[in-house]
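# What the coordinates show
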Amino acid sequence: MALSSFFGRRNNMWDTVPDPMEVMVTLFDNAPATSFARDARAVASTSVDWKETPSEHVFKADLPGLRKEDVQVQIEDGRTLSISGQRQKEEVQKADTWHRVERSSGSFIRKFRLPESADLDRITAKVDSGVLTVVVPKVAKKKSEARRIEIGGGASQSAAIAHEEKLADEQNGSVGTAPAQAQHE
């Protein structure tokens, strides 16, 4: 924007003076700091929602203009969900005059540490209308069964062992036969 437009003047002399801010942007457009800032903006602008339901975790990422081939979803380091991709920069033609570039381009990556309840073998992902949906089902919880534990020690331990031996003999069908045979011999 020329200074003359900012102040509302229409003087030809002011129209020929370039806007100092535009000159600074042009000078530093390819600088590493500018590239880093552009990449950081691409990462930060990738919005992701994470919702937990009783049966699953659902991640939704806004990825407008990207195809499924431009996005990668993977599990890293055991339990880290990684969503990454590449937004291509639009081709610049010499005859084109850009007035504003606000859409970010470049690589992006978002990582989420999944809880122990995540079933990593059944993860699904799909892209629909520029929204990536990743569904991470939860592992089915095992129902705990109550089980009585006998307490050992002292005279009760001898009684418990005798009781177990009696039960074993009954299961084998040899109740009372061993002592009777011993008497006949």
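Each remark here, short or long, concerns the structure printed above.
Residues numbered from 1 in each chain as written. Predicted model: local features only at pLDDT ≥ 70, side-chain atom pairs only at ≥ 80, totals over all residues. Heavy atoms only, no water.

### Focus on the packing of aromatic side chains
Keep this limit in mind: Pairing of aromatic rings covers Phe, Tyr and Trp, the last through its six-membered ring, and needs centres within 6.5 Å; plane angles under 30 degrees mean stacked, over 60 mean edge-to-face, and all others mean tilted. Helix and strand assignments follow DSSP, with helices taken as H or I runs no shorter than four residues and strands as E runs no shorter than two, numbered in order from the N terminus. Exposed residues in this analysis have more than 50% of their type's maximum accessible area, buried residues have under 20%, and partly exposed residues fall in between, with area computed by a 1.4 Å probe over protein chains only.
One pass over the structure, following the stated rule, counts three aromatic pairs. Considering the side-chain rings of Phe59 and Phe112, the 5.2 Å spacing of their centres and the 45° angle between planes classify their relative orientation as tilted. One end of the pair, Phe59, is in strand S2 (residues 56-62); the other, Phe112, is in strand S5 (residues 106-113), with 53 residues separating them in the sequence. Taken individually, Phe59 and Phe112 each receive the classification buried, so the pair is uniform in this respect. By way of ring pairs, the aromatic residues Trp50, Phe59 and Phe112 are connected into one cluster.

### Some words on a nonpolar patch on the surface
What counts, and what does not: Residues with no salt bridge and a relative accessible area higher than 30% make up the patches, which join like charges within 9 Å and nonpolar side chains (Val, Leu, Ile, Met, Phe, Trp, Tyr) within 5 Å. Only the protein chains shown count as cover for residues, and all accessible areas are computed by the Shrake-Rupley method using a 1.4 Å probe. Salt bridges are identified by distance alone: a Lys or Arg side-chain nitrogen within 4 Å of an Asp or Glu carboxyl oxygen.
A cluster of nonpolar side chains, contributed by Val92, Trp98 and Val101, occupies part of the molecular surface with about 320 Å² of accessible area. Within the fold, Val92 resides in the loop between strand S4 (80-87) and S5.

### A word on the environment of Lys111
To keep things clear, this is the line we draw: The definition of a polar contact used here is a pair of N or O atoms within 3.5 Å, where within protein one atom must be able to donate a hydrogen and the other to accept one, and adjacent residues in sequence count solely through side-chain atom pairs.
Mapped onto the fold, Lys111 is located in strand S5. Lys111 gets classed as partly exposed once you look at its relative accessible area, which sits at 48%. The sequence separation of Lys111 and Ser82 amounts to 29 residues, and the corresponding C-alpha distance is 4.5 Å. Side chain to side chain, Lys111 and Glu76 meet in a polar contact 2.8 Å long.

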